[in-house]
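# Fold and contact review
What follows is the residue order along each chain.
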Amino acid sequence: MESFTGLEVSPKKVEYLKFLLKKDETVRTTDISSELNVDPSTTTKTLADLASQGYVDHVPYRGVKLTEKGKEYAQFLVHRHNILSLLLTHYGLSAEESCHEVSRFEAYVSKAAIEKICASMGHPTVSVCGKIPHGSCKIGEHS
């Protein structure tokens with residue numbers, strides 16, 4: 001995949017991509033609307049935007065699934081969320097608090113910053129939100 005900064009999509013689109021990664025199958029737009037508590041017309045528009053950016057394949061009346069580009073990007077999004085959640089627990093927030101707080105700002109933290117934070121933490125493998133995938137992290141590389 002082409003290089004990315006981690007800042008390519010809006011906070012709401014982050015939620016769509018993470019949900020689709022979690023499902024790991026073709027998902028109906030009505031299921032996405034219900035899960036994210038979004039109007040179906042908004043879901044359709046957002047999915048069209050994500051499709052135009054190459055993150056999803058959306059077939060109207062059939063459903064939507066991540067492209068390879070979308071899957072790689074969504075894996076980074078999970079990585080970023082888990083690293084930031086773990087970081088906040090080191091400063092006294094509970095697991096629930098850290099997950100909630102990170103959801104409020106994570107879309108504004110770049111891939112470069114996450115790679116540095118991850119390296120400074122010794123590339124942890126488990127966070128309060130689950131396993132930390134390192135597919136998008138440049139383990140062993142120095143910046």
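What comes next concerns the included structure. Treat the numbers as computed from the prediction; the structure is a model and nothing was measured.

### Notes on the packing of aromatic side chains
What characterises a pair of aromatic rings is the spacing of the ring centres plus the angle enclosed by the ring planes. For the coordinates displayed, the defined rule picks out four aromatic pairs. Ring geometry for Tyr55 and Tyr73: centres 5.1 Å apart, planes at 40°, overall tilted. Taken as a pair, Tyr55 in the loop between α3 (40-52) and β1 (56-59) and Tyr73 in helix α4 (residues 68-89) lie far apart in primary sequence, 18 residues in all. What makes Tyr55 buried here is its relative accessible area of 3%. Here the aromatic cluster, defined as three or more aromatic residues joined through ring pairs, consists of Phe4, Tyr55, Tyr73 and Phe76. Directly above the aromatic system of Tyr55 lies the positively charged group of Lys69, at a separation of 4.8 Å from the ring centroid. The side chain of Lys111 reaches across the aromatic face of Phe4, ending 4.2 Å from its centre.

### Quick word on the side chain of Ser85
Among the structural elements, Ser85 can be located in helix α4. When residues no more than four places from it in sequence are discounted, the contact partners of Ser85 are Ser98, Cys99, Val102, Ser127, Val128 and Cys129.

### A closer look at the pattern of salt bridges
Tallied over the entire structure, the rule returns eight salt bridges. As a salt-bridge pair, Asp24 and Lys71 come within 4.0 Å of each other at their nearest N and O atoms. On the criterion of sequence distance, the pair formed by Asp24 in the loop between α1 (11-23) and α2 (29-36) and Lys71 in helix α4 is long-range, its members being 47 residues apart. Arg104 is the partner of Glu101 in a salt bridge, and the nearest nitrogen-oxygen pair spans 3.5 Å. With a gap of three residues between them, Glu101 and Arg104 both fall in helix α5 (residues 95-105), about one helical turn apart. In this structure Glu101 comes out as partly exposed when scored by relative accessible area, which is 29%. Judged by its relative accessible area of 58%, Arg104 is exposed. If you follow the salt bridges from partner to partner, you end up with Lys13, Lys45 and Asp49 in one network.

Parameters at a glance
- Residues numbered from 1 in each chain as written.
- Predicted model: local features only at pLDDT ≥ 70, side-chain atom pairs only at ≥ 80, totals over all residues.
- Heavy atoms only, no water.
- Phe/Tyr/Trp six-rings, centres within 6.5 Å; stacked < 30°, edge-to-face > 60°.
- Helix = DSSP H or I, 4+ residues; strand = E, 2+ residues; numbered from the N terminus.
- Buried < 20%, exposed > 50% of the residue type's maximum accessible area, 1.4 Å probe, protein only.
- Lys NZ or Arg CZ within 6 Å of the ring centre and 35° of its normal.
- Contact = heavy atoms within 4.5 Å.
- Salt bridge = Lys/Arg side-chain N within 4 Å of Asp/Glu carboxyl O.

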